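Chain by chain, the residues:
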Amino acid sequence: MIVRFRSKDGNYRVEAEPNDDFSLLVKKLLSDLPVGIEQSALMISDQPVGEGKPATEFFGKTVSDLSLRHGDLLFLSYPDATISIKSDSPTPRSTEPKAVRLNGKPVSEADMTAVRTVSESANPWERVVQDKVDDILDAQEGKIIRQKDPKFCRHSDKGMCDYCQPLEPWDSDYLKSHGIKFMSFHSYVRKLNSSSANAKASVSSFLPPLSEADYRVKKNCPSGHPPWPAGICSKCQPSAITLQQQQFRMVDHVEFASSEIVNKFIDNWRRTGNQAIGYLYGKYEPYPEVPLGTKAVVHAIYEPPQVTAIDGVTLTLPWEGEADVDAAAATDDAGNLTKVGVIFTDLTDAGKGDGSVICKRHADSYFLSSLEICFAATMQSKYPSFTRWSDSGKFSSKFVTCVISGNLESQIEISAYQVSNTAEAMVQADIIEPSVSPSLMLIKEPTDQRYVPDVFFRRINEYNVAVQENAKPVFPVEYLLVTLSHGFPAS
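The shown structure was predicted, so the numbers you read here are calculated from the model rather than taken from an experiment. (Residues numbered from 1 in each chain as written. Predicted model: local features only at pLDDT ≥ 70, side-chain atom pairs only at ≥ 80, totals over all residues. Heavy atoms only, no water.)

**Topic: the packing of helix α9 (residues 370–382) against helix α10 (residues 421–428)**
Phase 1: Interaxial distance between α9 and α10 falls to 9 Å at its minimum, and their mutual angle equals 90°. As judged from the angle between their axes, α9 and α10 are roughly perpendicular. For the pair α9 and α10, contact is made by C374, A377, T378, Q380 and S381 and by A423, E424, V427 and Q428, respectively.
Phase 2: Looking at the contact of α9 with α10, its residues break down into four nonpolar, four polar and one charged. (Axes fitted to C-alpha atoms, helices over the stretch in contact; angles between N-to-C directions. Helix = DSSP H or I, 4+ residues; strand = E, 2+ residues; numbered from the N terminus. Parallel < 35°, antiparallel > 145°, perpendicular 65-115°, else oblique. Contact = heavy atoms within 4.5 Å. Nonpolar A, V, L, I, M, F, W, Y, C, P; charged D, E, K, R; others polar.)

**Describing the sheet that holds strand β17 (residues 400–406)**
Phase 1: Taken in spatial order, the seven strands of this closed barrel run β9-β11-β10-β14-β17-β18-β24, and their pairing is mixed. Strand-to-strand twist of the sheet, defined as the mean angle between neighbouring strand axes without regard to direction, takes the value 35°.
Phase 2: Sheet analysis places strand β10 (residues 277–287) next to strand β11 (residues 293–302), joined by nine bridges and oriented antiparallel. By the bridge assignment for β11, Y284 is matched with A296.
Phase 3: Sheet contacts for helix α4 (residues 132–139): β10 and β11; angle to β10, the most-contacted strand, approximately 25°. (Pairing = 2+ DSSP bridges.)

**A few points about the nonpolar core**
Phase 1: Ranked by internal contacts, the top residues of the largest apolar core, which has 40 residues, are L243, M426, I431, F475 and L480.
Phase 2: Residue contributions to this core peak at five residues, all from α9.
Phase 3: Dropping the residues within four chain positions of it, F475 is found in contact with L243, M426, I432, S439, L440, M441, I443, F457 and L480.
Phase 4: By size, the runner-up hydrophobic cluster in this structure holds 29 residues, among which are L137, F265, I343 and C402. (Core = buried A, V, L, I, M, F, W, Y, C linked by side-chain atoms within 4.5 Å. Buried < 20%, exposed > 50% of the residue type's maximum accessible area, 1.4 Å probe, protein only.)

**A few points about the packing of aromatic side chains**
Phase 1: This structure, assessed with the given rule, holds twelve aromatic pairs.
Phase 2: An angle of 65° between the planes, with centres 5.7 Å apart, marks the rings of F22 and F58 as edge-to-face. With F22 in helix α1 (residues 22–30) and F58 in the loop between β4 (53–54) and β5 (73–77), the pair connects residues that are 36 residues apart, well separated along the chain. Neither residue differs from the other here; F22 and F58 are each classed as buried.
Phase 3: Plain terms: the ring middles of Y279 and W319 are 5.4 Å apart, the flat faces sit at 35° to each other, and that makes the pair tilted. Of this pair, Y279 sits in strand β10 while W319 sits in the loop between β13 (312–315) and α8 (322–329), and the two are 40 residues apart along the sequence. W319 shares its class with Y279; the two are buried.
Phase 4: Taken together, the ring pairs in this structure connect F185, Y188, F248 and F395 into an aromatic cluster.
Phase 5: If you follow K339 out to its NZ or CZ, it ends over the ring of Y279, 4.9 Å from the centre.
Phase 6: The side chain of K398 reaches across the aromatic face of Y284, ending 5.9 Å from its centre. (Phe/Tyr/Trp six-rings, centres within 6.5 Å; stacked < 30°, edge-to-face > 60°. Lys NZ or Arg CZ within 6 Å of the ring centre and 35° of its normal.)

Next up, the structure:
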């Protein structure tokens, strides 16, 4: 892959591998820079304005850790090179060493000028590089602007009252009145920060409001007991899981750049009757229809090598040539696209000869099967969302899953989903697996290698009362599902 650098002296291209340390890129870059530039003086930023951060701060992290992709452009700044001028009369040098070790031996110049290659910042959320859409939304105020109400407002045009003052982006009444089922991720973060110490905290005392869910037994427990399965305590034991519908979604809308992209993908089923799966390549952009919302704009669908059949597809992961396709999509000529999701068909002709299809997915059956939810959770874990609002520097994923199937009117329709961060953590901990029934998720049995905590879910019983039940051995897949809207550009 190629990483580009732009400075006041020109543009530079450095070849790198995803596992290369960033210090290796800087070493290659110094050979192209003007003579006299020290690596300790290099300042790097992903924005054309601003000083950026010292290059040495990124030493010790790989290219993939910094979320750098093929063709990414970084901006470089440094002071002018200084050239030493020799004097006719040599300056007498002291013969005494500048420093000595404890054993009395002098310290060499190379040891004294060594540069630390480990970042001084110990907080992952301070080093993380977010997606551009996250930086844009973080900079927005996010308030929902309301106009003067002609019925209730009694003040002048420049006044404000309870009926017209701006609303918070997580306001439940506003979301419900506009048919928005889930608040956006950035609205959820603002809500958490507003009710925590971060609302008035300084930069030094800031604590991220989010933590990744982890249902695995913690290793190296400080309590001193033998490691699990020989011993376990409340410090290393994961807490019980109570399943409930997630309040937010990482992506609010999936927009296909043109209908031709989808029609071309469905043509495979029209010709052969077999199902197909493809990866969505596009970009993430702000979605103004939802307060502080995010949308995935799909510009292309790539179908990897697969074995198709009438009732499904077989896909080998990772598929051959995946890295080359990702690199080609990330080039300037391709539009700097990235992998934003996956799409597959589940179509069966109704046999009426009018193009109608059978409706399989509805409220009385399922929307995503248990097998598809496990697949979506695996893919979301593979492509995490990097954010400074999490103590680990990443939280959940923006990776979406789209299904093309028949609706209640027997017409072909697209549906977009994500699975909750709870589903991602349960799959990572090897707690759940698909069941024979597509609408039910199976909880695995505990073993010496697998710890399974208690899992509960809440439901409304026949007396219209909310009750909590044990989720073992199976529970409905709806508790792990998050629905998204989809569509095409208005113009």
